[in-house]
Amino acid sequence: MDPTTAPAATAGHDFSFLGLFLQADPIVKGVMILLILASLVSWTIIIEKLVRLAGARRQAKSFARLVATGGMPEARSGISARVVTAAQEAWRDQDPTETRAERRERIERAMRAALTLDIKRLQVGLPFLASSGSAAPFIGLFGTVWGIMNSFSSIAKSQDTSLAVVAPGIAEALFATAIGLVVAIPAVLAYNKFSSDLAKVQSAFVAGIGTLGNRLARDRSHHARSAAAE
(Lines give C-alpha, C1' and ligand atoms only; values in the text may rest on other atoms or scores of the structure.)
Protein backbone atom coordinates (compact mmCIF):
# COMPACT_ATOMS: atom_id res chain seq x y z
CA MET A 1 0.00 0.00 0.00
CA ASP A 2 1.23 3.47 -0.87
CA PRO A 3 1.93 5.35 2.41
CA THR A 4 0.49 8.51 0.89
CA THR A 5 -2.94 6.91 0.68
CA ALA A 6 -3.18 6.46 4.49
CA PRO A 7 -3.45 10.15 5.36
CA ALA A 8 -5.89 10.67 2.51
CA ALA A 9 -8.12 7.85 3.69
CA THR A 10 -8.00 9.10 7.26
CA ALA A 11 -8.77 12.64 6.18
CA GLY A 12 -11.82 11.38 4.29
CA HIS A 13 -13.37 10.19 7.53
CA ASP A 14 -15.40 12.76 9.50
CA PHE A 15 -14.14 12.80 13.10
CA SER A 16 -16.64 15.37 14.38
CA PHE A 17 -19.15 14.21 16.98
CA LEU A 18 -21.97 14.14 14.44
CA GLY A 19 -19.76 12.46 11.88
CA LEU A 20 -18.69 9.75 14.31
CA PHE A 21 -22.33 9.09 15.12
CA LEU A 22 -23.55 8.99 11.52
CA GLN A 23 -20.67 6.80 10.32
CA ALA A 24 -20.81 4.39 13.25
CA ASP A 25 -21.71 0.73 12.96
CA PRO A 26 -25.49 0.15 13.47
CA ILE A 27 -24.88 -1.58 16.81
CA VAL A 28 -22.61 1.21 18.04
CA LYS A 29 -25.10 3.78 16.76
CA GLY A 30 -27.89 2.02 18.68
CA VAL A 31 -25.78 2.18 21.85
CA MET A 32 -25.20 5.90 21.31
CA ILE A 33 -28.93 6.57 20.78
CA LEU A 34 -29.79 4.63 23.94
CA LEU A 35 -27.26 6.62 25.94
CA ILE A 36 -28.45 9.94 24.52
CA LEU A 37 -32.04 9.10 25.46
CA ALA A 38 -30.90 8.12 28.95
CA SER A 39 -29.09 11.44 29.23
CA LEU A 40 -32.21 13.39 28.20
CA VAL A 41 -34.35 11.56 30.75
CA SER A 42 -31.71 12.01 33.44
CA TRP A 43 -31.48 15.76 32.87
CA THR A 44 -35.27 16.05 32.91
CA ILE A 45 -35.32 14.33 36.30
CA ILE A 46 -32.41 16.45 37.56
CA ILE A 47 -34.09 19.75 36.64
CA GLU A 48 -37.42 18.66 38.10
CA LYS A 49 -35.79 17.51 41.34
CA LEU A 50 -33.79 20.73 41.68
CA VAL A 51 -37.02 22.73 41.62
CA ARG A 52 -39.06 20.45 43.86
CA LEU A 53 -36.34 19.85 46.45
CA ALA A 54 -35.61 23.56 46.68
CA GLY A 55 -39.25 24.07 47.64
CA ALA A 56 -39.17 21.12 50.05
CA ARG A 57 -36.08 22.51 51.81
CA ARG A 58 -37.78 25.89 52.29
CA GLN A 59 -40.87 24.20 53.70
CA ALA A 60 -38.81 22.03 56.04
CA LYS A 61 -36.93 25.03 57.43
CA SER A 62 -40.13 27.05 57.84
CA PHE A 63 -41.93 24.13 59.50
CA ALA A 64 -39.10 23.45 61.96
CA ARG A 65 -38.69 27.14 62.78
CA LEU A 66 -42.40 27.77 63.41
CA VAL A 67 -42.83 24.65 65.51
CA ALA A 68 -39.71 25.43 67.57
CA THR A 69 -41.01 28.92 68.35
CA GLY A 70 -44.44 27.63 69.40
CA GLY A 71 -46.29 28.50 66.19
CA MET A 72 -48.49 26.36 63.99
CA PRO A 73 -47.60 26.14 60.27
CA GLU A 74 -50.56 27.37 58.21
CA ALA A 75 -49.48 26.50 54.67
CA ARG A 76 -52.39 25.70 52.38
CA SER A 77 -50.41 23.34 50.19
CA GLY A 78 -47.20 21.37 50.21
CA ILE A 79 -45.64 18.97 52.66
CA SER A 80 -46.20 21.23 55.70
CA ALA A 81 -49.92 21.50 55.00
CA ARG A 82 -50.37 17.76 54.66
CA VAL A 83 -48.38 17.03 57.81
CA VAL A 84 -50.33 19.60 59.84
CA THR A 85 -53.65 18.35 58.43
CA ALA A 86 -52.78 14.81 59.47
CA ALA A 87 -51.86 16.08 62.95
CA GLN A 88 -55.12 17.98 63.35
CA GLU A 89 -57.22 15.03 62.19
CA ALA A 90 -55.39 12.69 64.57
CA TRP A 91 -55.76 15.23 67.40
CA ARG A 92 -59.53 15.57 66.86
CA ASP A 93 -59.96 11.79 66.93
CA GLN A 94 -59.26 11.58 70.67
CA ASP A 95 -59.94 8.66 72.93
CA PRO A 96 -60.59 9.63 76.58
CA THR A 97 -59.05 6.38 77.78
CA GLU A 98 -55.66 6.86 76.13
CA THR A 99 -52.71 8.30 77.99
CA ARG A 100 -50.83 11.38 76.94
CA ALA A 101 -47.97 9.22 75.67
CA GLU A 102 -50.36 7.13 73.60
CA ARG A 103 -52.03 10.25 72.22
CA ARG A 104 -48.67 11.76 71.30
CA GLU A 105 -47.55 8.57 69.58
CA ARG A 106 -50.78 8.39 67.57
CA ILE A 107 -50.52 12.02 66.45
CA GLU A 108 -46.86 11.70 65.53
CA ARG A 109 -47.55 8.45 63.69
CA ALA A 110 -50.17 10.20 61.56
CA MET A 111 -47.75 13.04 60.75
CA ARG A 112 -44.92 10.64 59.92
CA ALA A 113 -47.23 8.70 57.60
CA ALA A 114 -48.14 11.89 55.72
CA LEU A 115 -44.47 12.86 55.53
CA THR A 116 -43.48 9.42 54.23
CA LEU A 117 -45.94 9.71 51.34
CA ASP A 118 -44.47 13.05 50.30
CA ILE A 119 -40.90 11.78 50.61
CA LYS A 120 -41.81 8.83 48.37
CA ARG A 121 -43.19 11.26 45.79
CA LEU A 122 -39.94 13.20 45.88
CA GLN A 123 -37.97 9.98 45.41
CA VAL A 124 -39.65 9.24 42.07
CA GLY A 125 -36.96 9.28 39.38
CA LEU A 126 -34.02 8.73 41.71
CA PRO A 127 -33.80 4.99 40.94
CA PHE A 128 -33.44 5.88 37.24
CA LEU A 129 -30.54 8.20 38.07
CA ALA A 130 -28.91 5.46 40.12
CA SER A 131 -29.38 2.92 37.32
CA SER A 132 -28.06 5.33 34.69
CA GLY A 133 -25.04 6.16 36.82
CA SER A 134 -24.12 2.51 37.25
CA ALA A 135 -25.13 1.08 33.87
CA ALA A 136 -24.24 3.83 31.37
CA PRO A 137 -20.44 3.25 31.50
CA PHE A 138 -20.93 -0.46 30.81
CA ILE A 139 -23.37 0.23 27.97
CA GLY A 140 -20.81 2.61 26.50
CA LEU A 141 -18.11 -0.01 27.02
CA PHE A 142 -20.18 -2.49 25.05
CA GLY A 143 -20.22 -0.02 22.16
CA THR A 144 -16.47 0.40 22.54
CA VAL A 145 -15.79 -3.32 22.43
CA TRP A 146 -18.03 -3.73 19.40
CA GLY A 147 -16.30 -0.85 17.59
CA ILE A 148 -12.85 -2.27 18.30
CA MET A 149 -14.00 -5.67 17.01
CA ASN A 150 -15.06 -3.95 13.79
CA SER A 151 -11.63 -2.30 13.58
CA PHE A 152 -9.87 -5.66 13.85
CA SER A 153 -12.27 -7.06 11.28
CA SER A 154 -11.32 -4.23 8.90
CA ILE A 155 -7.65 -5.01 9.45
CA ALA A 156 -8.22 -8.68 8.67
CA LYS A 157 -10.15 -7.93 5.49
CA SER A 158 -7.78 -5.31 4.14
CA GLN A 159 -4.58 -6.94 5.36
CA ASP A 160 -3.50 -3.44 6.34
CA THR A 161 -2.60 -2.20 9.82
CA SER A 162 -2.25 1.45 8.90
CA LEU A 163 -3.89 4.21 10.91
CA ALA A 164 -6.32 4.86 8.07
CA VAL A 165 -7.93 1.46 8.60
CA VAL A 166 -7.86 1.36 12.40
CA ALA A 167 -8.57 4.98 13.40
CA PRO A 168 -12.25 5.36 12.33
CA GLY A 169 -13.49 2.29 14.19
CA ILE A 170 -11.48 3.10 17.31
CA ALA A 171 -12.70 6.71 17.26
CA GLU A 172 -16.33 5.55 17.07
CA ALA A 173 -15.70 3.04 19.84
CA LEU A 174 -14.14 5.60 22.17
CA PHE A 175 -16.95 8.05 21.37
CA ALA A 176 -19.46 5.50 22.73
CA THR A 177 -17.47 5.27 25.95
CA ALA A 178 -17.35 9.06 26.21
CA ILE A 179 -21.13 9.31 25.86
CA GLY A 180 -21.53 6.67 28.57
CA LEU A 181 -19.41 8.74 30.95
CA VAL A 182 -21.29 11.92 30.04
CA VAL A 183 -24.50 10.16 31.08
CA ALA A 184 -23.12 8.49 34.19
CA ILE A 185 -21.22 11.32 35.88
CA PRO A 186 -24.10 13.83 36.20
CA ALA A 187 -26.50 11.02 37.14
CA VAL A 188 -24.28 9.80 39.99
CA LEU A 189 -23.59 13.31 41.29
CA ALA A 190 -27.26 14.26 41.12
CA TYR A 191 -28.38 11.04 42.82
CA ASN A 192 -25.98 11.56 45.71
CA LYS A 193 -26.98 15.21 46.13
CA PHE A 194 -30.71 14.54 45.97
CA SER A 195 -30.46 11.61 48.38
CA SER A 196 -28.61 13.85 50.84
CA ASP A 197 -31.14 16.67 50.38
CA LEU A 198 -34.06 14.31 50.93
CA ALA A 199 -32.48 13.00 54.12
CA LYS A 200 -32.06 16.57 55.41
CA VAL A 201 -35.65 17.49 54.53
CA GLN A 202 -36.97 14.40 56.25
CA SER A 203 -34.79 14.99 59.31
CA ALA A 204 -36.01 18.60 59.65
CA PHE A 205 -39.64 17.55 59.42
CA VAL A 206 -39.19 14.66 61.86
CA ALA A 207 -37.66 17.01 64.43
CA GLY A 208 -40.62 19.37 64.05
CA ILE A 209 -43.07 16.49 64.21
CA GLY A 210 -41.69 15.42 67.58
CA THR A 211 -42.08 18.92 69.02
CA LEU A 212 -45.54 19.46 67.53
CA GLY A 213 -46.76 16.03 68.60
CA ASN A 214 -45.69 16.69 72.18
CA ARG A 215 -47.45 20.06 72.20
CA LEU A 216 -50.69 18.71 70.72
CA ALA A 217 -50.76 15.85 73.19
CA ARG A 218 -50.18 18.19 76.15
CA ASP A 219 -52.14 21.37 75.37
CA ARG A 220 -55.59 19.96 74.72
CA SER A 221 -57.72 22.96 75.69
CA HIS A 222 -55.90 25.44 73.42
CA HIS A 223 -56.31 23.25 70.38
CA ALA A 224 -59.87 22.43 71.29
CA ARG A 225 -60.66 26.15 70.99
CA SER A 226 -58.74 26.27 67.71
CA ALA A 227 -60.69 23.30 66.35
CA ALA A 228 -63.98 24.87 67.44
CA ALA A 229 -63.05 28.16 65.79
CA GLU A 230 -62.45 26.36 62.50
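Note that this is a predicted model, so its numbers are computed, not measured.

Asker: Run through the overall build of the protein, naming residues and quoting values.
Answerer: From N to C terminus, the protein includes eight helices and zero strands. Taken over 230 residues, the protein has a buried fraction of 40%. For the protein, long-range pairs separated by at least 24 residues make up 80% of all intrachain contacts whose partners lie at least 6 apart in sequence. Surface exposure of the protein reaches about 12,700 Å², of which carbon and sulfur atoms provide 65%.

Asker: Describe the pattern of salt bridges, naming the residues involved and giving the relevant values.
Answerer: Taken as a whole and judged by the stated rule, the model has 10 salt bridges. One salt bridge connects E48 with K49, and the closest N-O pair in it is separated by 2.7 Å. The partner of E48 in a salt bridge is R52, and the shortest N-O contact between them spans 3.2 Å. Taken as a pair, E48 and R52 lie in helix α3 (residues 26-68) at a separation of four residues, close to a single helical turn. Judged by its relative accessible area of 36%, R52 falls in the partly exposed class. One salt-bridge network, held together by shared partners, links R104, E105, E108, R109 and R112.

Asker: Can you tell me about the environment of F128, naming the residues and giving the values?
Answerer: In this structure, F128 sits in helix α6 (residues 126-158). Residues F128 and A187 lie 59 residues apart in sequence; the distance between their C-alpha atoms is 8.6 Å. Residues contacting F128, with those up to four places away along its chain left out, are A38, V41, S42 and I45.

Asker: Could you give me a rundown of the packing of α3 against helix α5 (residues 100-123), with the residues and numbers involved?
Answerer: Relative orientation of the contacting elements α3 and α5 amounts to 155°, with a least axis distance of 10 Å. It follows that α3 is roughly antiparallel to α5 by the angle criterion. Residues K49, R52, L53 and A56 of α3 form the contact with α5, whose own contacting residues are R121, L122 and Q123. Taken together, the residues of the contact of α3 with α5 sort by class into three nonpolar, one polar and three charged.

Asker: Can you break down the packing of aromatic side chains residue by residue, with the values?
Answerer: For the structure shown, the criterion picks out two aromatic pairs. Residues F63 and F205 carry aromatic rings whose centres are separated by 5.0 Å and whose planes lie at 40° to one another, so their mutual orientation is tilted. Taken as a pair, F63 in helix α3 and F205 in helix α7 (residues 163-218) lie far apart in primary sequence, 142 residues in all. Note on F142 and W146: the rings are 6.1 Å apart at their centroids and 40° apart in plane angle, and the pair reads as tilted. One end of the pair, F142, and the other, W146, are both in helix α6, four residues apart, so they sit about a helical turn from each other. In this structure F142 comes out as partly exposed when scored by relative accessible area, which is 45%. Residue W146 is classed as partly exposed on the basis of its relative accessible area of 31%.

Asker: An account of the confidence of the model for the protein is needed here, citing residue identities and associated values.
Answerer: Summing up the model confidence of the protein, the mean pLDDT is 79 and the portion of residues at 70 or higher is 75%. Scored below 50 in pLDDT, residues 1-11 shows nine contacts in the model against residues more than four places distant or in partner chains. Below a pLDDT of 50 lies the segment residues 221-230, which in the model reaches nine contacts outside its immediate sequence neighbourhood of four places, other chains included.

Asker: Mind laying out the packing of helix α4 (residues 78-92) against α5, listing which residues take part and the relevant values?
Answerer: Two numbers describe how α4 lies on α5: the axes approach to 8 Å, and their chain directions differ by 155°. By the angle between their directions, the pair α4 and α5 is classed as roughly antiparallel. In the crossing of α4 with α5, the sense of the turn from one axis to the other is right-handed. On the side of α4, the interface is formed by I79, R82, V83, A86, A87, A90 and W91, while α5 contributes R106, I107, A110, M111, A114, L115, D118, R121 and L122. For the contact of α4 with α5, the residue count by class is 12 nonpolar, no polar and four charged.

Asker: Account for the environment of R215, naming residues and giving values.
Answerer: Inspection of the secondary structure assignment puts R215 in helix α7. When its relative accessible area of 13% is taken as the criterion, R215 is described as buried.

Asker: Give me the lowdown on the nonpolar core, citing residues and values where you can.
Answerer: Residues F63 and L129 are the most contacted members of the largest nonpolar core, which totals 29 residues. At the level of elements, α3, α4, α5, α6 and α7 are the ones that each hand at least two residues to this core. The greatest single-element share of this core, amounting to nine residues, is contributed by α7.

Calculation rules
- Residues numbered from 1 in each chain as written.
- Predicted model: local features only at pLDDT ≥ 70, side-chain atom pairs only at ≥ 80, totals over all residues.
- Heavy atoms only, no water.
- Helix = DSSP H or I, 4+ residues; strand = E, 2+ residues; numbered from the N terminus.
- Buried < 20%, exposed > 50% of the residue type's maximum accessible area, 1.4 Å probe, protein only.
- Contact = heavy atoms within 4.5 Å.
- Areas by Shrake-Rupley, 256 points an atom, 1.4 Å probe, with all protein chains shown as cover.
- Salt bridge = Lys/Arg side-chain N within 4 Å of Asp/Glu carboxyl O.
- Axes fitted to C-alpha atoms, helices over the stretch in contact; angles between N-to-C directions.
- Parallel < 35°, antiparallel > 145°, perpendicular 65-115°, else oblique.
- Nonpolar A, V, L, I, M, F, W, Y, C, P; charged D, E, K, R; others polar.
- Phe/Tyr/Trp six-rings, centres within 6.5 Å; stacked < 30°, edge-to-face > 60°.
- pLDDT = per-residue confidence, 0-100.
- Left-handed = near helix turned anticlockwise from the far one by under 90°.
- Core = buried A, V, L, I, M, F, W, Y, C linked by side-chain atoms within 4.5 Å.

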